[in-house]
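Commentary on secondary and tertiary structure
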Amino acid sequence: MNLVPCHLINRQFFDFIQMHIKNGLIKANTIKFEITERLPIKNFILTSKYLGMFYELGVTSVIDDIGTGYGTFLYLNELGARGIKIDKYFIDTINSNGGTKILDAIINLANNLELEIIAEGVETDTQQTYLLKRGVYLQQGYLFSQPLNAESFRRKIVISNIKRDNVENNTANKTVTLNLLGSKTNTHSLVL
């Protein structure tokens, strides 16, 4: 799965993706847009229009940095996102004395809306276990890997294929996904 920052959405990018999907070079279900809450959407109507065009191709989206910015419920309601990424800020509450009520509410909301949940910034076994117990199987963070360049990412794929059976057995046939950053605009997910 390739996560694409939402600011890259435009007609030229749509034509590029559409051509590659038509020619069988990319599978639509391997692309997911990240719509960040940290920056406001300047042209909501145009963004919604382009996202709709991508959705027709089979591309999906997630709301990134959920709960930290400009429009959680509006974005969920109007932009057709199929998932959320829980910001590291909320994941860090697992290890603090501040409590996890907001994190738990976010997970419950996503489950009630039948949204895919990705937890970012997972750094400890305690965080991983807490999230797995609540059904959050898609996780990324330093617990799994530091950001990788393209070559390191390719090597990690080879190594992960060897370990794949062990990981699936350890998580009761649930999938653990690692999102590996090649750069700020080149994000990859690795399913173990």
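Residues numbered from 1 in each chain as written. Predicted model: local features only at pLDDT ≥ 70, side-chain atom pairs only at ≥ 80, totals over all residues. Heavy atoms only, no water.

We now examine the packing of aromatic side chains. Using the criterion set out here, one finds six aromatic pairs in the structure. Centroid distance Phe-33 to Phe-54: 4.6 Å. Interplanar angle 70°. Geometry classified as edge-to-face. You can see Phe-33 sitting in strand E2 (residues 31-36) and its partner Phe-54 sitting in helix H2 (residues 44-57), a full 21 residues away along the chain. Each member of the pair, Phe-33 together with Phe-54, is buried. Taken together, a centroid distance of 6.2 Å and an interplanar angle of 35° make the contact between Phe-44 and Tyr-75 tilted. A residue pair is termed long-range when its members are at least 10 positions apart, and Phe-44 in helix H2 and Tyr-75 in helix H3 (residues 72-78) qualify at 31 residues. Of the residues examined, Tyr-75 reaches a relative accessible area of 3% and is grouped as buried. Counting every residue linked through ring pairs, the aromatic cluster contains Phe-13, Phe-14, Phe-33 and Phe-54. The positively charged end of Arg-134 is found above the aromatic ring belonging to Tyr-130, 3.4 Å away from the centroid. (Phe/Tyr/Trp six-rings, centres within 6.5 Å; stacked < 30°, edge-to-face > 60°. Helix = DSSP H or I, 4+ residues; strand = E, 2+ residues; numbered from the N terminus. Buried < 20%, exposed > 50% of the residue type's maximum accessible area, 1.4 Å probe, protein only. Lys NZ or Arg CZ within 6 Å of the ring centre and 35° of its normal.)

Okay, the packing of helix H1 (residues 11-22) against H2 next. Here H1 crosses H2 at 0°, and the two axes come no closer than 11 Å. One way to sum up the angle between H1 and H2 is to call them roughly parallel. Between H1 and H2, the contacting residues are Arg-11, Phe-13, Phe-14, Ile-17, Gln-18 and Ile-21 on the first element and Tyr-50, Met-53, Phe-54 and Leu-57 on the second. Taken together, the residues that form the contact of H1 with H2 break down as eight nonpolar, one polar and one charged. (Axes fitted to C-alpha atoms, helices over the stretch in contact; angles between N-to-C directions. Parallel < 35°, antiparallel > 145°, perpendicular 65-115°, else oblique. Contact = heavy atoms within 4.5 Å. Nonpolar A, V, L, I, M, F, W, Y, C, P; charged D, E, K, R; others polar.)

Now for the side chain of Gln-139. Among the secondary structure elements, Gln-139 is positioned in strand E6 (residues 138-139). Separated by 2.9 Å, the side chain of Gln-139 and the backbone oxygen of Val-136 make a polar contact. (Polar contact = N/O pair within 3.5 Å; in protein donor to acceptor, adjacent residues only side chain to side chain.)

Turning next to the pairing of E2. When you tally the buried positions in E2, you get five out of six residues, the bulk of the element. Sheet topology note: the E2/strand E3 (residues 60-66) ladder contains five bridges and is parallel. Within the sheet, the bridge partner assigned to Glu-34 lies in E3 and is Val-62. Tracing the backbone out of E2, into H2 and back to the parallel element E3 gives a crossover that is right-handed. (Pairing = 2+ DSSP bridges. Right-handed = clockwise from strand over helix to strand, strands pointing away.)

Ile-63, Ile-84, Ile-86, Ile-91, Leu-103 and Leu-131 are the most contacted members of the largest nonpolar core, which has 36 residues in total. The residues contacting Leu-131, other than those within four sequence positions of it, are Ile-91, Ile-94, Ile-107, Ala-119, Val-122, Val-136 and Gln-139. (Core = buried A, V, L, I, M, F, W, Y, C linked by side-chain atoms within 4.5 Å.)

Time to look at helix H6 (residues 125-133). Residues lying three or four places apart along an α-helix face the same way, a consequence of the helix completing one turn every 3.6 residues. Residues of H6 that are buried include every one of Gln-127, Gln-128, Tyr-130 and Leu-131, and no others. Down the axis of H6, the buried set is contained in an arc of 165°. They therefore lie on one face. The outward face of H6, more than 90 degrees from its buried face, is lined by the exposed residues Asp-125 and Lys-133. If you follow the buried residues of H6, they end up packed against helix H4 (88-91), helix H5 (101-112), strand E5 (116-119) and E6. Of the residues flanking the end of H6, it is Gly-135, one or two places downstream, whose phi is positive at about 85°. (Arc of directions from axis to C-beta.)

Attention shifts here to the environment of Phe-54. Using a relative accessible area of 0% as the deciding quantity, one classes Phe-54 as buried. With 36 residues separating them along the chain, Phe-54 and Gln-18 place their C-alpha atoms 8.2 Å apart.

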